[in-house]
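# A look at the structure
As a plain string of letters, each chain reads:
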Amino acid sequence: MMIRRERAPDRPEILALIEAAFPEGVEAHLLRELFAAREYIPELSLVAESPDGAVLGHVISTRAWIGDNPALGLGPLGVLPARQGRGVGSALVKASIGAANGLGEPAIVLLGSTEYYPRFGFVPADSVGIASPDPSWGSHFMALPLAAFHPGIRGRFRYAEPFNRL
Ligand SMILES: CC(C)(COP(=O)(O)OP(=O)(O)OC[C@H]1O[C@@H](n2cnc3c(N)ncnc32)[C@H](O)[C@@H]1OP(=O)(O)O)[C@@H](O)C(=O)NCCC(=O)NCCS
């Protein structure tokens, strides 16, 4: 398996896999909007590719804000149902963290499973001064401070615009 940047011809396959990973969800619709949004960051839309060229998983991080400071919002993350539980999702999250650090981003923020994301170092966002846009998200709202993070980066989190239209 290889992690690489998404290319435009991958998009139908990526959207099909996100639909398969979230059969009831809005994630494929959200992702389509994120691809077209001004907050899209090409370096942070990553696929996991099998040796035979199939797309097994995809993750995207888009421009977001903590107060007035630029940061990243991660998601959706999805893996083909038949390939789940074999490390594809973990490889995509770790590659996202490496790429975001390399770009000098201060933090990755997400709404997700408290069973899954703490293994990568994510902590409750409020514990590092990042306020949730929706208090009902509770401990599912998590953040990973990166090398460029500093305590002056605090305030309310705001996702890329397409998240507000969900
Ligand atoms: C969640 C998801 C991205 C994880 O990717 P993956 O390749 O299956 O996961 P990995 O092989 O890297 O990691 C496996 C671990 O994740 C856990 N896990 C898998 N799906 C999970 C979920 N929806 N919530 C919490 N934990 C989950 C497994 O229990 C396993 O835990 P263990 O290592 O303690 O046994 C993938 O299963 C998926 O696309 N699920 C459907 C979509 C979804 O629910 N996305 C929400 C992300 S919060």
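Residues numbered from 1 in each chain as written. Predicted model: local features only at pLDDT ≥ 70, side-chain atom pairs only at ≥ 80, totals over all residues. Heavy atoms only, no water.

The name given to the chain in an unreviewed UniProt entry is N-acetyltransferase, and the organism recorded there is Arthrobacter silviterrae.

### A look at the overall build of the chain
For clarity, the threshold we go by: Each helix is a run of H or I in the DSSP string that is no shorter than four residues. Each strand is a run of E no shorter than two, and both are numbered from the N terminus. For a compact globule the rule gives 2.2 Å times the number of residues to the power 0.38, and the radius of gyration it is set against comes from C-alpha atoms. For every residue, the accessible area obtained with a 1.4 Å probe (protein chains only) is divided by the maximum for its type, and the residue is called buried under 20%, exposed over 50%, and partly exposed between those limits. Methods summary: accessible areas were calculated by the Shrake-Rupley approach with a probe of 1.4 Å, and residue burial reflects only the protein chains presented.
Of regular secondary structure, the chain possesses 4 helices and 9 strands. Ordered by position from N to C terminus, the α and β elements of the chain give β-α-α-β-β-β-α-β-β-β-β-β-α. Relative to its length of 166 residues, the chain is compact, with a C-alpha radius of gyration of 15 Å against a globular reference of 15 Å. Here the chain holds 166 residues, and the buried ones make up 46% of them. A total of about 8,000 Å² of accessible surface is found on the chain, and carbon and sulfur atoms cover 53% of it.

### Remarks on the nonpolar core
Heads up, the condition is: Here, nonpolar core refers to any group of buried Ala, Val, Leu, Ile, Met, Phe, Trp, Tyr and Cys residues whose side-chain atoms link them within 4.5 Å. Contacts: residue pairs with any heavy atoms within 4.5 Å of one another.
Judged by nonpolar contacts, the single largest core of 26 residues is most densely connected at I14, L31, I66, V109, I130 and F157. For this core, the elements supplying multiple residues, two or more each, are α1 (11-21), α2 (27-36), β3 (55-66), β5 (107-111) and β8 (141-145). In terms of residue count, the dominant contributor to this core is α2 (5 residues). For I130, the contacting residues outside a window of four places in its chain are I66, V109, A125, F141, A143, F149, G155 and F157. Counting 23 residues, the second largest nonpolar core, distinct from the first, contains L44, A48, L56 and V59.

### Quick look at the packing of α1 against α2
Test applied: Orientation is described by lines fitted to C-alpha atoms, with helices fitted over the stretch in contact, and by angles between N-to-C directions that extend from 0 to 180 degrees. Throughout this description, any angle smaller than 35 degrees is read as roughly parallel, any larger than 145 degrees as roughly antiparallel, any in the 65 to 115 degree range as roughly perpendicular, and the remainder as oblique. Only Asp, Glu, Lys and Arg are considered charged in this grouping, and only Ala, Val, Leu, Ile, Met, Phe, Trp, Tyr, Cys and Pro are considered nonpolar; every other residue, Gly among them, is considered polar.
Orientation of α1 relative to α2, taken along the N-to-C sense of each, is 150 degrees, at an axis distance of 8 Å. The angle between the axes of α1 and α2 places the two elements in the roughly antiparallel class. Residues R11, I14, L15, I18 and E19 of α1 touch α2, and the partners they reach there are E27, A28, L31, R32 and F35. Here the residues of the contact of α1 with α2 are counted per class, giving 6 nonpolar, no polar and 4 charged.

### Let's talk about the packing of aromatic side chains
As a reminder, the rule being used: The criterion for an aromatic pair is that two Phe, Tyr or Trp rings (for Trp, the six-membered ring) have centres within 6.5 Å, with stacked assigned to planes under 30 degrees apart, edge-to-face to planes over 60 apart and tilted to the rest. Any Lys NZ or Arg CZ found within 6 Å of a ring centre and within 35 degrees of that ring's normal is scored as a charge over the ring.
Summed over all chains, the structure comprises 10 aromatic pairs. When the ring of Y159 is compared with that of F163, the centres are 4.0 Å apart and the planes differ by 15 degrees; the resulting orientation is stacked. The pair formed by Y159 and F163 is uniform in burial state, with each residue classed as buried. An aromatic cluster is built from W137, F141, F157, Y159 and F163, whose rings are joined through pairwise contacts. Here R11 stacks its cationic end above the ring of Y40, 5.3 Å away from the centre of that ring. The ring of W65 has R158 lying over it, and the distance from NZ or CZ to the ring centre is 4.4 Å.

### Structural notes on the UniProt feature "domain: N-acetyltransferase" (unreviewed entry) in the chain
Test applied: UniProt positions are given in the numbering used here, feature names are shortened, and annotations may be inferred rather than shown by experiment.
Following the UniProt record, the feature "domain: N-acetyltransferase" (unreviewed entry) maps to residues 1-147 here. The straight-line gap between the two end C-alpha atoms of residues 1-147 is 27 Å; of that span, 24% is helix and 31% is strand.

### Side note on helix α3 (residues 88-102)
The following threshold applies: Multiplying one less than the number of residues by 1.5 Å gives the expected span of a helix.
In a regular helix each residue adds 1.5 Å, so 15 residues correspond to 21 Å; α3 covers 21 Å between its end C-alpha atoms and thus fits that length. Turning to α3, its buried residues number three or more, namely V88, G89, S90, L92, V93, S96, I97 and A100. Among the structural elements, β1 (2-5), β2 (45-49), β3, β4 (69-79), β5 and β8 are those in contact with the buried residues of α3. Phi turns positive one or two residues past the end of α3, at G104, with a value near 80 degrees.

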